[in-house]
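Overview (structure and organization)
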Amino acid sequence: MFLRVAIILQTLALFAAPVTAGLLLSTPSGHTLHSASAYTVFIVTLVHLIVAILMWRPGGGSPRPILYAAVMFVLTSAQVALGIAHVKTVHVPLGVLLFGLSVLQLSRVPSGRRMYVVSSPS
């Protein structure tokens, strides 16, 4: 459940980043807002990585979520660096890729809900 919450927060933060990028182009305070959203994405992906590690160790489950979280963290770090360097030709497509990967991760993490099949007596 904690992993799912971390990925939901990551996806929401990645969704907010292009919104603040639009504000960057249209308002004077847009740079500050976009910078804040970028660092929020960075922190949330770091939290996602930490949660993935903590969930794996005590439960003895698959380390695959750690790999996904680590890839997201590395790509996010690259995204922040590219944004600071103003390399928009790579920064924008990488942002789209990050959002898509986050949605894909979210779709693959179990929700924790269990389905019960109720059968009627025959």
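Note that the structure is predicted; figures quoted are calculated from it, not measured. (Residues numbered from 1 in each chain as written. Predicted model: local features only at pLDDT ≥ 70, side-chain atom pairs only at ≥ 80, totals over all residues. Heavy atoms only, no water.)

What to know about the overall build of the protein chain
The helix and strand inventory of the protein chain stands at 4 helices and 0 strands. Ordered by position from N to C terminus, the α and β elements of the protein chain give α-α-α-α. The 122 residues of the protein chain split such that 26% are buried. Pairs at least 24 apart in sequence give 64% of the contacts found in the protein chain among residues at least 6 apart. As displayed, the protein chain has an accessible area near 8300 Å², and 74% of this comes from carbon and sulfur atoms. (Helix = DSSP H or I, 4+ residues; strand = E, 2+ residues; numbered from the N terminus. Buried < 20%, exposed > 50% of the residue type's maximum accessible area, 1.4 Å probe, protein only. Contact = heavy atoms within 4.5 Å. Areas by Shrake-Rupley, 256 points an atom, 1.4 Å probe, with all protein chains shown as cover.)

As for the packing of aromatic side chains
Taken as a whole and judged by the stated rule, the model has 2 aromatic pairs. Judged by centre distance (6.0 Å) and plane angle (45 degrees), the ring pair of Phe15 and Phe99 falls under tilted. In this pair, Phe15 is assigned in helix 1 (residues 2–26) and Phe99 in helix 4 (residues 88–108), connecting sequence segments 84 residues apart. Residue classification places Phe99 among the partly exposed positions, given a relative accessible area of 29%. (Phe/Tyr/Trp six-rings, centres within 6.5 Å; stacked < 30°, edge-to-face > 60°.)

Let's talk about the layout of surface pockets
The probe, sized like a water molecule, is rolled over the atoms to show the empty space still left. Taken as a whole, the largest pocket encloses approximately 760 Å³ of empty space. Lining the largest pocket are 27 residues, and of these Ala21, His34, Gln79, Gly83 and His91 lie nearest its centre. For the lining of the largest pocket, the elements supplying multiple residues, two or more each, are helix 1, helix 2 (30–59), helix 3 (64–84) and helix 4. Grouping the amino acids of the lining of the largest pocket by side-chain chemistry returns 17 nonpolar, 9 polar and 1 charged. (1 Å grid on protein atoms, 1.4 Å probe; cavity = no way out; pocket = protein on both sides within 12 Å on 5 of 7 lines; lining within 4 Å. Points joined across faces, edges and corners; volume = space filled by probe spheres on them. Nonpolar A, V, L, I, M, F, W, Y, C, P; charged D, E, K, R; others polar.)

Quick look at helix 1
Between its first and last C-alpha atoms helix 1 spans 37 Å; for 25 residues at 1.5 Å apiece the expected length is 36 Å, and the two agree. Restricting attention to buried positions, one finds in helix 1 the residues Leu3, Ala6, Ile7, Gln10, Thr11, Ala13, Leu14, Ala17 and Thr20. (Expected span 1.5 Å × (residues − 1).)

Let's talk about helix 4
One full turn of an α-helix is made of 3.6 residues, so residues set three or four places apart face in the same direction. When the terminal C-alpha atoms of helix 4 are compared, their 30 Å separation across 21 residues agrees well with the 30 Å that a helix rising 1.5 Å per residue should span. Listing the buried residues of helix 4 in full gives His91, Leu94, Leu98, Ser102 and Gln105. Considered in projection along helix 4, the buried side chains sweep an arc of 80 degrees and stay on one side of the axis. In helix 4, those exposed residues whose orientation departs by more than 90 degrees from the buried face are Thr89, Val96 and Ser107. (Arc of directions from axis to C-beta.)

What to know about the side chain of His34
If you trace the backbone, His34 turns up in helix 2. Take His34: its relative accessible area is 16%, and that puts it in the buried class. Not counting chain neighbours up to four residues away, the residues in contact with His34 comprise Ala17, Thr20, Ala21, Leu24 and His91.

Examining unusual backbone geometry
The backbone of His86 sits at a positive phi, close to 60 degrees, despite the residue not being glycine. Within the fold, His86 resides in the loop between helix 3 and helix 4.

Describing the environment of Gln10
Tracing the chain through its elements places Gln10 in helix 1. According to the relative accessible area criterion, Gln10 is buried, its value standing at 1%. Other than its neighbours up to four places away in sequence, Gln10 contacts Val44, Thr45, His48, Met72, Ser102 and Gln105.

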